[in-house]
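Chain residues, written in single-letter form:
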Amino acid sequence: MTKFLDNMKFPEDIKILNNNELGSLGEEIREFLINSVSKTGGHLASNLGVVELTLSLFKSFNLEKDKIIWDVGHQSYVHKILTGRKEGFKVLRKKDGMSGFPKRNESKYDAFDTGHSSTSISAALGMARARDLKKEDYKVVAVIGDGALTGGMAIEALNDVGFNKTDMIIVLNDNQMSISPNVGGISSYLNKLRMEPGYNKLKMDINSSLGNSSVGKAVIHSLSKLKDSVKQLVVPSMLFEDMGIKYIGPIDGHDIPTMVEMFNKAKEINGPVIIHTITKKGKGYDFAEKSPWKYHGVSPFDLESGEPNISPSNSYSKAFGKSLIGIAKEDKDVVAITAAMPDGTGLRCFYKEFPDRLFDVGIAEQHAVTLAAGMACSGLKPVFAVYSTFLQRAFDQVIHDVCIQNLPVVFCIDRAGIVGDDGETHQGIMDISFLSMIPNMTIMAPKCLEEVDVLLRWALAKGTPVAIRYPRGGDEVNGLFPISKVELGKWETLNKGEKVAIIATGKMLQHALKAKKILEEKNVNPSIINATFIKPIDTDLIRELSKEGYHIVTVEDNMKNGGLGTLVLKELTNCGHKGKFVNLGYDDKFINQGNVDLLYEDNGLDGKGIADTVLKLI
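What counts and what doesn't
- Residues numbered from 1 in each chain as written.
- Predicted model: local features only at pLDDT ≥ 70, side-chain atom pairs only at ≥ 80, totals over all residues.
- Heavy atoms only, no water.
- Helix = DSSP H or I, 4+ residues; strand = E, 2+ residues; numbered from the N terminus.
- Buried < 20%, exposed > 50% of the residue type's maximum accessible area, 1.4 Å probe, protein only.
- Contact = heavy atoms within 4.5 Å.
- Areas by Shrake-Rupley, 256 points an atom, 1.4 Å probe, with all protein chains shown as cover.
- Axes fitted to C-alpha atoms, helices over the stretch in contact; angles between N-to-C directions.
- Parallel < 35°, antiparallel > 145°, perpendicular 65-115°, else oblique.
- Nonpolar A, V, L, I, M, F, W, Y, C, P; charged D, E, K, R; others polar.
- UniProt positions renumbered as here; feature names shortened; annotations may be inferred.
- Salt bridge = Lys/Arg side-chain N within 4 Å of Asp/Glu carboxyl O.
- Pairing = 2+ DSSP bridges.
- Core = buried A, V, L, I, M, F, W, Y, C linked by side-chain atoms within 4.5 Å.
- Phe/Tyr/Trp six-rings, centres within 6.5 Å; stacked < 30°, edge-to-face > 60°.
- Right-handed = clockwise from strand over helix to strand, strands pointing away.

### With respect to the overall build of the protein
For step 1, the next point in the chain: A count of helices and strands for the protein gives 25 helices and 17 strands.
For step 2, the next point in the chain: Here the protein, with 618 residues, has 57% of them falling under the buried criterion.
For step 3, the next point in the chain: A fraction of 77% describes how many contacts in the protein between residues 6 or more apart in sequence connect residues 24 or more apart.
For step 4, the next point in the chain: When the accessible area of the protein is evaluated, it comes to approximately 25,800 Å², of which 53% is carbon and sulfur surface.

### Some thoughts on the packing of helix H5 (residues 120–133) against helix H6 (residues 152–164)
A pair of packed helices is characterised by two quantities: the angle between their axes and the separation of those axes.
For step 1, the next point in the chain: Interhelical geometry of H5 versus H6 gives an angle of 30° and a closest axis separation of 8 Å. Here H5 lies roughly parallel to H6, going by the angle between them. Here H5 contributes Ile121, Ser122, Leu125 and Arg129 to the contact with H6, which in turn contributes Met153, Ala154, Ala157, Leu158, Asp160, Val161 and Asn164.
For step 2, the next point in the chain: Among the residues making up the contact of H5 with H6, the classes are represented as seven nonpolar, two polar and two charged.

### Things to note about the UniProt feature "binding site: Mg(2+)" (unreviewed entry) in the protein
For step 1, the next point in the chain: Those residues carrying the UniProt feature "binding site: Mg(2+)" (unreviewed entry) are Asp146 and Asn175 in this numbering. Despite a sequence span of 30 residues, these residues sit close together in the fold, their greatest C-alpha distance being 6.9 Å.
For step 2, the next point in the chain: Tracing the chain through its elements places Asp146 in the loop between strand E2 (140–145) and H6.
For step 3, the next point in the chain: Structurally, Asn175 can be placed in the loop between strand E3 (169–174) and helix H7 (185–195).

### So, the pattern of salt bridges
For step 1, the next point in the chain: The full count for this structure, using the stated rule, is 40 salt bridges.
For step 2, the next point in the chain: Between Arg30 and Glu52 there is a salt bridge, with its nearest N and O atoms 2.8 Å apart. Of this pair, Arg30 sits in helix H1 (residues 19–40) while Glu52 sits in helix H3 (residues 51–60), and the two are 22 residues apart along the sequence.
For step 3, the next point in the chain: We classify Glu52 as buried; its relative accessible area is 8%.
For step 4, the next point in the chain: We note a salt bridge from Lys86 to Glu87, for which the minimum N-O separation is 3.9 Å.
For step 5, the next point in the chain: A residue is classified by how much of its surface remains accessible, and Glu87, at 49% relative accessible area, is partly exposed.
For step 6, the next point in the chain: When salt bridges that share partners are traced, they join Asp6, Lys86, Glu87 and Lys90 into one network.

### Brief notes about the sheet that holds E2
For step 1, the next point in the chain: Taken together, five strands build an open sheet; the order of strands is E1-E2-E3-E5-E4 and the sheet is parallel. With one partner strand each, in any of the chains shown, strand E1 (67–70) and strand E4 (246–252) form the two edges of the open sheet. When strand polarity is set aside, the average angle formed by the axes of neighbouring strands in this sheet is 20°.
For step 2, the next point in the chain: Relative to E2, E1 runs parallel, the two sharing four bridges.

### A word on the nonpolar core
For step 1, the next point in the chain: Core analysis: the largest hydrophobic core is formed by 80 residues, its most contacted members being Phe320, Leu391, Phe411, Leu435 and Trp491.
For step 2, the next point in the chain: If one sorts the elements of this core by residue count, helix H14 (residues 316–330) sits on top with seven residues.
For step 3, the next point in the chain: Contact partners of Leu435, with chain neighbours within four places excluded, come to Leu391, Val398, Ile413, Met441, Ile443 and Ala467.
For step 4, the next point in the chain: Membership of the second largest hydrophobic core comes to 52 residues, among which are Leu22, Leu44, Leu63 and Ile81.

### A closer look at the sheet that holds strand E8 (residues 381–387)
For step 1, the next point in the chain: Strand order in the open sheet formed by seven strands is E7-E6-E8-E9-E11-E10-E15, and the pairing between neighbours is mixed. Only two strands of the sheet have a single partner each, and these edge strands are strand E7 (358–360) and strand E15 (533–535). Neighbour-to-neighbour, the strand axes of the sheet open up by a mean angle of 20°, direction not taken into account.
For step 2, the next point in the chain: Note: strand E9 (residues 410–414) against strand E11 (residues 466–469), four bridges, orientation parallel. Counted as the bridge partner of Phe411 is Ala467 from E11.
For step 3, the next point in the chain: Each of strand E6 (334–338), E8 and E9 is contacted by H14, which is oriented at about 150° to E6, the strand it contacts most.

### Some remarks on the packing of aromatic side chains
For step 1, the next point in the chain: Under the defined criterion, the tally for this structure stands at 14 aromatic pairs.
For step 2, the next point in the chain: The interplanar angle of 80° and the centroid separation of 5.6 Å between the aromatic rings of Phe395 and Phe434 together place this pair among those described as edge-to-face. Highlighted residues: Phe395 in helix H18 (residues 395–403) and Phe434 in helix H19 (residues 431–436), separated in sequence by 39 residues.
For step 3, the next point in the chain: Exposure remark for Phe434: the relative accessible area of 12% places this residue in the buried category.
For step 4, the next point in the chain: On the numbers, 5.2 Å between centres and 80° between planes, the contact of Trp458 with Phe533 is edge-to-face. Taken together, the residues span a long stretch of sequence, with Trp458 in helix H20 (residues 451–462) and Phe533 in strand E15 at a distance of 75 residues.
For step 5, the next point in the chain: A relative accessible area of 0% means that Phe533 is categorised as buried.
For step 6, the next point in the chain: Members of the aromatic cluster, each reached through a chain of ring pairs, are Tyr285, Phe287, Tyr295 and Phe301.

### A closer look at unusual backbone geometry
For step 1, the next point in the chain: Of note, the bond from Gly249 into Pro250 is cis; its omega dihedral lies within 30 degrees of zero at 0°.
For step 2, the next point in the chain: In this structure, Pro250 sits in strand E4.
For step 3, the next point in the chain: For the bond running from Lys535 to Pro536, omega is 0°, close enough to zero to count as cis.
For step 4, the next point in the chain: Along the chain, Pro536 turns up in the loop between E15 and helix H22 (539–547).
For step 5, the next point in the chain: Residue Arg93 is not a glycine yet carries a positive backbone phi of 65°.
For step 6, the next point in the chain: Among the structural elements, Arg93 can be located in the loop between helix H4 (77–81) and H5.
For step 7, the next point in the chain: Phi angles above zero are rare outside glycine, and Arg415 is one such case at about 55°.
For step 8, the next point in the chain: Owing to a relative accessible area of 16%, Arg415 belongs among the buried residues under this scheme.

### Digging into the pairing of strand E16 (residues 551–559)
For step 1, the next point in the chain: Counting buried residues along E16, nine of its nine residues qualify, which places the element largely inside the surrounding structure.
For step 2, the next point in the chain: Two strands pair when backbone bridges link them, and E16 and strand E17 (residues 581–586) are joined in this way by five bridges, in the parallel orientation. Opposite Met559, over in E17, you have Tyr586 as the bridge partner.
For step 3, the next point in the chain: For the crossover that starts at E16, traverses helix H23 (residues 564–574) and ends in the parallel E17, the hand is right-handed.

So, in structure tokens, the structure goes:
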């Protein structure tokens, strides 16, 4: 039974609670989160880790005017509870339900929409500068995780804020994790700070001892001139202060009184301040504490065992990981790269087999792509496994560092197409559009799990940039066999029919086969063609279909603009196509969260939707 939680409707409701009551509220919130997320799924471990941090922020700041920007935003559940959205957790991440990320159109207390990492400092800095130019009065707080600091954008923002001394507060939520355990120099540096809290303790002891008299204050003033020397003696390489940002910490991110005290002190400091808090990801739920990476983003699970309610089936990620291991055993030049996602991309098993051939660069997709380019220049065969939505962040590097030099880098694009519950920021529906415009880039898609290995082997042997895109999850249609022979730009005809040809790519081929069954019941027998290659397209087959008088329907799990359909239509126009043409994909809009099957249905990309399109066409 909740004593405090049910009464939390507005941020100001927290102001009346004392420290003990805040602690009790924190326990109620943890219990609510564990029970709620076990039913709906969502981001659990990260939110359990920021309960006290969030309560302290709400206690210290006035959210009616002050702004809190959550980096990535998957740790904003406590924030949502405390801003009157507790009931929204019944439909968390569901179609037309509450988002799992901050949304400005959802609440006035959500200062900025976030979904990708390393953005909060830049956004907060922009708000702080707008405030100053407009001569307004409010505080701006950016909350960023230690894993997100590896993103170049975060370092760029720190460089700017430190140099220009903009008044803002940065809260570093240090849980030693992103999704998987953190790696790299930034992580090592923060580890040193965790181990060496002596500088701030020494400073506080001096201020406490001498600050009560005029003589003591004069001594403090003299000692402040020595502060840089003291820091260098006590804390190795004071990166943040050297950049011009006042550093406070590290402090216990579960100690509410201490955090409130530090936040209130930070409000009195003119210029940028970074407060380093140490938190435990998954705190309060034993399974999540022991394996926080498993409970980062979870499907509904059993509270007692911690196990998912539905046993995980085979997936394209697993098929990719298994295939790459087999190939790497045969070719010592094959290496893998991940941007803090070894588990999500299926590379964990690869690491166990080849620990010296997997390179986890942290949350740094731009670096990952150019790293791969450098490896390719030196005779290796790099494979960068990355979610579609995160590859967007390295668009320039794909062009400038890989494709201009025509280097043999293979991009294995996971979560291509709709991913569902995470919504607009995570839907992978643009990769065909932005990759197809780049010279020297080849784009492929497997129609089934077994085809992943065939295409990956071909891509590694080609010796030029290749992108292989595949969806989240596994197959929906059984009995498909991998293509027998891969030829550049050639498609596979699975069924030779009449009047209408359905050209589908990737998993959409399985939806086209579902449509075929529906159409056969209405005496319609379409040709079904697997567009193994999205670029280059099979111009010979397209011209043949046009010459034979077929109406053409293309089906892709991508935006219509710049997608497969656009490329096919261009070729049909060039050959004077007389028949009809329809391109099925996503319209010029962002796709909201929701169950994947429902989203396919809404956009006419399920079997019935494709069949209905064909029937209207003829």
